[in-house]
Amino acid sequence: MTASVVRIEDKLYQNRYLVDAGRPHIKVRQHQSPSPNLLALTVVCPAKCYEVNEDGQVEVIADGCMECGTCRVLCEESGDIDWSYPRGGFGVLFKFG
Amino acid sequence: MTEERFDAIVVGAGMSGNAAAYTMASRGLKVLQLERGEYPGSKNVQGAILYANMLETIIPDFRDDAPLERHLVEQRFWVTDDTSHTGMHYRSDDFNEPAPNRYTIIRAQFDKWFSRKVRAAGAIVLCETTVTELALDAAGKVIGVHTDRAGGVIHADVVVLAEGVNGLLGTRARFRKVPKPEAVALAVKEMHFLPEEVINERFGLTGDQGCVIEAAGTISRGMAGLGFLYTNKESISLGIGCLVSHFAATLESPYALLDAFKNHPSIRPLLAGSEIKEYAAHLIPEGGFKAIPQLFGDGWVVVGDAAQLNNAVHREGSNLAMTSGRIAGEAIAAIKSRKHPMTSDNLSLYKAMLDKSFVLKDLRKYKDMPALLHTNSHNFFTTYPQLMSQAAQNFVRVDGTPKIEKERATTAALIKARSRWGLVSDAVRLALAWR
């Protein structure tokens, strides 16, 4: 309870996922430098799916995605990301919800 | 399967979808319900509190076998600053009634139960099936759906969009827009497991009595937001939600916010020793009445969170979802029984019925609240809570200062923080928005 740094990996480890290998349901469009909203996702995504790579571009690894839609609400309209639901049965499987 | 034609297709097996499917199937309609999760509930997240009356209207004897956690006898409203909470507790033995008014539930379990009722009523429920697109005819009327399973269009007279706050079908068909960041809150939640006796002891409960804490204040760091703690039988649901636009503006991380809430000196002892078994995130519609989209069209209606039917002031969502699903089902069944087509004109019956219900009456009452709380969030969620804590501490701490000086200090702090004009203006705007 005293840890000052929150490790998101520890939280997501509790969850059950069925990852659709090779078919990510979110894609980041090609960009030179990220828009403010896209950059915000590196902090605001509750599963920390978004990270800045060495070239300063935002990447997504959607394996831990909880399908909340925050990134869609912030970035789909501007065209920063393509958002779909995973195929039926795949993705997060809440035990309690 | 694709050769069959259905009276109605329901997209989604959450509260609104199950209510709609149950209502129509139990009135003899041929209903297909499609759910993308492995089982109904596997994609659904809620706090979660169930309001008995709205479910009772649909399934009167639900208490016989529904998975209910605790019935609520106590509600605590807390205003927090960093080290304190100032609170109002309401506890009444009246809530220990034979047919209790409110329960805590665990959605994955509850939704499985609700879905069994839907099947028993005669609907076909198909899980692990994502609806990818609505099928429209040349005139723009919805005639069915495409799914990610093999096969073509599945045809139906009407499609009930119960696809949740983040539903893609209605937005892709341009029936409504993607919710704006200022009209949805992101909530994160953890399930903390503790023995039943420990929960009972910590909250002063016996048997299946339950307690709710809802907290606002500096825990949301100036964002419009709310923290909550709900007692289940052997677990505690702990979460916090704030507007997505405020998250993006402040660059606060949701899990850091949740951890800070967990470590608040008023919350930490209630969770001590618990084992965390799940972490979930979900959007909550917060735009209120003004964010409600078009609710019906040729061959379709939209219900529940997808229609932004959520009362943020009273934190009621699933009961509006259930009620809108039921009413949509009743309207469709009525149109069907008259052998009328599912045109936009005829389906306007759904909106007319919803207008007469508490759903739209309540949302209309609070139509100005989102704008007030969302644009003045720092005052309402940081400044006032801090002042309230100072005032309470001034009142309680005995240190030889004459009381008249303490009162003057409290008043001066209020005026310094918000000015006389600011205080009056906040009070008036709050009163008007509440009216």
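Residues numbered from 1 in each chain as written. Chains lettered and ligands numbered in written order. Predicted model: local features only at pLDDT ≥ 70, side-chain atom pairs only at ≥ 80, totals over all residues. Heavy atoms only, no water.

This paragraph deals with the overall build of chain A. What chain A contains, in helices and strands, is three helices and six strands. Against the globule reference of 13 Å for 97 residues, chain A gives a C-alpha radius of gyration of 14 Å, in line with a compact fold. Burial statistics for chain A: of 97 residues in total, 52% are counted as buried. When the accessible surface of chain A is split by element, carbon and sulfur atoms take 49% of a total near 5000 Å². Within chain A, the 13 negative side-chain charges are centred at a point lying 8 Å from the centre of the 10 positive side-chain charges. (Helix = DSSP H or I, 4+ residues; strand = E, 2+ residues; numbered from the N terminus. Rg over C-alpha atoms; globule rule 2.2 N^0.38 Å. Buried < 20%, exposed > 50% of the residue type's maximum accessible area, 1.4 Å probe, protein only. Areas by Shrake-Rupley, 256 points an atom, 1.4 Å probe, with all protein chains shown as cover. Lys, Arg positive; Asp, Glu negative; His and termini not counted. Charge placed at Lys NZ, Arg CZ, Asp CG, Glu CD.)

Okay, the domain arrangement of chain B next. Residue and element names in this part refer to chain B. For chain B, the assigned domains read domain 1 (6-67 + 106-177 + 289-356), domain 2 (184-285) and domain 3 (368-434). Domain 2 and domain 3 are separated by 25 Å when their C-alpha centres are compared. On the domain 3 side, the residues contacting the eleven residues of domain 2 number eight residues. Summing both sides of the interface, domain 2 and domain 3 together bury roughly 620 Å²; the carbon and sulfur share of this comes to 68%. Of all residues in domain 2, T218, G222 and A224 give up the largest surface area on contact with domain 3, accounting jointly for 52% of the area buried on that side. (Domains from an automatic or database assignment. Contact = heavy atoms within 4.5 Å. Buried area = accessible area lost by both parts, 1.4 Å probe.)

To continue, consider a negative patch on the surface. A contiguous patch of negative charge, built from E9, E51, E54, D55 and E59 of chain A, is present on the exposed surface. Looking at the element boundaries, E59 of chain A is found in strand β4 (residues 58-60). (Patch = residues over 30% accessible without salt bridge, like charges linked within 9 Å, V, L, I, M, F, W, Y side chains within 5 Å. Salt bridge = Lys/Arg side-chain N within 4 Å of Asp/Glu carboxyl O.)

A few words now on the pattern of salt bridges. A side chain of one charge can pair with a side chain of the opposite charge if their charged atoms are brought near each other. All names here are of chain B. Overall, the coordinates contain 32 salt bridges over all chains when judged by the stated rule. One salt bridge connects D259 with K262, and the closest N-O pair in it is separated by 3.4 Å. Within this pair, D259 and its partner K262 are both found in helix α7 (residues 254-262), separated by three residues, close to a single helical turn. For D259, a relative accessible area of 15% puts it in the buried group. Judged by relative accessible area, K262 falls into the buried class, the value being 5%.

The next thing to look at is unusual backbone geometry. Residues and elements named next belong to chain B. Of note, the amide linkage connecting G47 to A48 takes the cis form, showing an omega dihedral of 20°. Relative to the elements of secondary structure, A48 occurs in the loop between β2 (31-34) and β3 (49-51). The backbone of R221 shows a phi angle near 50°, a positive value even though the residue is not glycine. Looking at the secondary structure, you find R221 in the loop between β12 (209-217) and β13 (225-231). According to the relative accessible area criterion, R221 is partly exposed, its value standing at 37%. Positive phi is not limited to glycine here, since S419 has a value of about 65°. As for its placement among the helices and strands, S419 is situated in helix α14 (residues 403-434).

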